[in-house]
Every structure is written in structure tokens, then in C-alpha cells.
Amino acid sequence: MNFNWNKIIILMMLILSGLAFYSFNKKNENRLIKGLDISILPNKDSYLSKDSVSSILKPFLGVEKKLINLNLIENTVDKNSYVDKSEVSLSFSGKLILRIKQKNPVGRVISENEMYYVDKDLRKMDLSKYQSASVPIITGFGNETNRSYLKGIFKLINDDAFLQQNISQVIINSPKSISVKIRDYDIIINIGDQRNLKNKFLKFKAFYTRANAKKNLIEFKQINLQFDNQVVGVKNNRYVKK
């Protein structure tokens, strides 16, 4: 009987490699968790501390790697109101690694009963003892709020440095009507409904620039952007069309 020794050698090598991999994998699974590696992004303006989330991970120190449920840890971390998304993994050496992406507040809701931030998706964020966000105040926010309309307003504000600098408050009058207030001036900007929203803010910026150049912006009490082809300002109880 002729043996194909090359095939036999290859087969034996595969078996030995499989056994070595199995042994290595079992040894790795039995390693104990020996440390934590936590990072929070973005690094600046952090609304939660590493200590506040490390308490979730500390109970797993000294536990075998094979007993760690990564999905369960992620789900627990994601329940924190500041967390947008978390990722948990294990290093070969037995370190539990947690990467957190924070939510970014766009407004501060103030109601009769509570105060909190909301992010771009209007998800609630508790006020933080570590950081205070310089964002517009939101009044009138509730279950009947037109969320797509409000999201659109905040997207325009956060995409525009001028609007970020000059809008201090968003006032929800009704599901179909929102106004904003100018920082440093007691002027209400009536936006009306969400039609032509981008164009309305462009008209407001042009009006603001002209009035500011004439140094008479302080004389206005209201600016109405609801009309398609003009801006109507209320100045000393008189209507001024631009």
C-alpha cells in the first residue's frame, strides 16, 4: 500500500493547528477582566464623567471573559441620557474597553415642572453638573409640538454661525407656529409655519444686517417673516415693511 505522506503531514498539521487554536481560545476565554479603558467623545464639553460610567463596569473586574455579555453592557450604558451610542469590547490582555459617543445639546427646555436639554433629534438630556451648554432656551415644548418643524429650525441654527450667535430663545406658540428671540435685544421674530423655512431665515439675516448698520435695531419689537416677499417689522407701534 502506497501512502501519500504529503497529504498525511498536511492533515496532521491541520489537526494540530486546530487543537492549538482551541486550547488558545479556551485559555483566552478563561482570562479574568483586569482593567478598564473608557473614552468619551468628543473630548471637550463632556456632560458625563468617566467615573459616572465606570461604576457600571467595575462589577465585571475579576470576572472571566467568557461570562461577559457585551450587548447587555452597551444597552445599560445607552440608557444614560447623555449617551448617543456606546461600544464595548474586550482586549486580549483582559481589559474591558468602553467607547462612548455623547449627545450634543441644541436647546434647553424650560417648563413649569422641569428643565433639561434636547439634542438634534429632540431626545432628552438631563442637566449636567460637569458642563453647561450655551444653547437657546425652548419654551412651549410638549407632546403636541411639531417635532419635524422644531428639528428643522435647530438644524438651520446649528448650520449657521450667525444664527447660533444671535438666537437666544425658541418659542413654540402652537404646533404650526414658532417664534425666536434675538440675543441682546427684546425682539420677537415671528416665523409662522414651516414653509420656506430656510428662505425666512435668510430674510431675517438681511433685515438684521440692514437695521444693525443703521443702528436702529433696538427700536423694533417684532419682526414678522410669515409673508413671502417681505419682512414686516413693528417699530414704536408702527408697521415697517422691508
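For the structure, check the block above.
About the cut-offs
Residues numbered from 1 in each chain as written. Predicted model: local features only at pLDDT ≥ 70, side-chain atom pairs only at ≥ 80, totals over all residues. Heavy atoms only, no water. Pairing = 2+ DSSP bridges. Helix = DSSP H or I, 4+ residues; strand = E, 2+ residues; numbered from the N terminus. Contact = heavy atoms within 4.5 Å. Polar contact = N/O pair within 3.5 Å; in protein donor to acceptor, adjacent residues only side chain to side chain. Buried < 20%, exposed > 50% of the residue type's maximum accessible area, 1.4 Å probe, protein only. Patch = residues over 30% accessible without salt bridge, like charges linked within 9 Å, V, L, I, M, F, W, Y side chains within 5 Å. Areas by Shrake-Rupley, 256 points an atom, 1.4 Å probe, with all protein chains shown as cover. Salt bridge = Lys/Arg side-chain N within 4 Å of Asp/Glu carboxyl O. Axes fitted to C-alpha atoms, helices over the stretch in contact; angles between N-to-C directions. Parallel < 35°, antiparallel > 145°, perpendicular 65-115°, else oblique. Left-handed = near helix turned anticlockwise from the far one by under 90°. Nonpolar A, V, L, I, M, F, W, Y, C, P; charged D, E, K, R; others polar. 1 Å grid on protein atoms, 1.4 Å probe; cavity = no way out; pocket = protein on both sides within 12 Å on 5 of 7 lines; lining within 4 Å. Points joined across faces, edges and corners; volume = space filled by probe spheres on them. Phe/Tyr/Trp six-rings, centres within 6.5 Å; stacked < 30°, edge-to-face > 60°.

### Quick look at the pairing of strand β2 (residues 83–90)
- Sheet analysis places β2 next to strand β3 (residues 95–102), joined by 7 bridges and oriented antiparallel. For Ser 86, the partnering residue across the bridge sits in β3 and is Ile 100.
- Connecting β2 to the antiparallel partner β3 that follows it, the hairpin turn spans 4 residues, and Gly 94 within it adopts a positive phi of roughly 100 degrees.

### Focus: the environment of Gln 102
- Its place among the elements puts Gln 102 in strand β3.
- Sequence separation of Gln 102 and Pro 42 is 60 residues, and the distance between their C-alpha atoms is 6.9 Å.
- If we skip the residues at most four places from it in the chain, Gln 102 touches Ile 40, Leu 41, Pro 42, Lys 44, Asp 45, Ser 46, Tyr 47, Leu 48, Tyr 82 and Asp 84.
- Within the structure, the side chain of Gln 102 is placed 2.6 Å from the backbone nitrogen of Tyr 47, a separation counted as a polar contact.

### Comments concerning unusual backbone geometry
- The omega torsion of the bond from Leu 41 to Pro 42 falls at -5 degrees, within 30 degrees of zero and hence cis.
- Following the sequence through the fold, Pro 42 ends up in the loop between β1 (35–41) and α2 (50–57).
- Look at Leu 122: it is not a glycine, yet its phi comes out positive at around 65 degrees.
- Tracing the chain through its elements places Leu 122 in the loop between β5 (115–119) and β6 (124–125).
- By relative accessible area, which is 5% here, Leu 122 ends up buried.
- In this model, Asp 184 sits at a positive phi of 75 degrees, which is unusual for a non-glycine residue.

### Quick word on a nonpolar patch on the surface
- On the surface, a cluster of nonpolar side chains totalling about 280 Å² of accessible area is made up of Ile 110, Met 115, Leu 127 and Ile 137.
- If you trace the backbone, Ile 137 turns up in strand β7 (residues 137–139).

### Comments concerning the packing of helix α4 (residues 147–158) against helix α6 (residues 197–213)
- Their axes nearest at 10 Å, the elements α4 and α6 cross at an angle of 45 degrees. In terms of their interaxial angle, α4 and α6 are classed as oblique. Crossing geometry of α4 relative to α6 is assigned as right-handed. Touching Tyr 149, Gly 152, Ile 153 and Leu 156 of α4 are Leu 197, Lys 198 and Phe 201, all from α6.
- Tallied by class, residues from the contact of α4 with α6 come to 5 nonpolar, 1 polar and 1 charged.

### Here's the deal with the pattern of salt bridges
- Inspection of the entire model under this criterion finds 14 salt bridges.
- Among the salt bridges present, the one from Asp 84 reaches Lys 101, with a minimum N-O distance of 3.7 Å. Of this pair, Asp 84 sits in strand β2 while Lys 101 sits in strand β3, and the two are 17 residues apart along the sequence.
- Across the pair Lys 181 and Asp 186 runs a salt bridge whose closest N-O atoms are separated by 3.5 Å.

### Concerning the layout of surface pockets
- Here the largest pocket is characterised by a volume of approximately 300 Å³.
- Lining the largest pocket are 18 residues, with Asn 104, Pro 105, Ser 134, Val 135 and Asn 158 positioned closest to its centre.
- Of all the secondary-structure elements, those providing two or more residues to the lining of the largest pocket are β4 (105–110) and α4.
- Residues of the lining of the largest pocket, tallied by class, amount to 9 nonpolar, 5 polar and 4 charged.

### Notes on the pairing of β5
- β5 sits mainly inside the fold: 4 of its 5 residues count as buried.
- Pairing between β4 and β5: 5 bridges, direction antiparallel. When the bridges of β5 are listed, Pro 105 appears paired with Asp 119.
- Turn length for the β4-β5 hairpin, with the two strands adjacent in sequence and antiparallel, is 4 residues.

### A word on the packing of aromatic side chains
- Applying the stated criterion across every chain yields a total of 5 aromatic pairs.
- Between Phe 162 and Tyr 208 the ring centres are 5.1 Å apart and the planes differ by 80 degrees, which places this aromatic pair in the edge-to-face class. On the criterion of sequence distance, the pair formed by Phe 162 in helix α5 (residues 161–166) and Tyr 208 in helix α6 is long-range, its members being 46 residues apart.
- For Tyr 208, a relative accessible area of 9% translates into the label buried.
- With a centroid separation of 5.1 Å and 75 degrees between ring planes, the pair formed by Phe 207 and Phe 220 is classed as edge-to-face.

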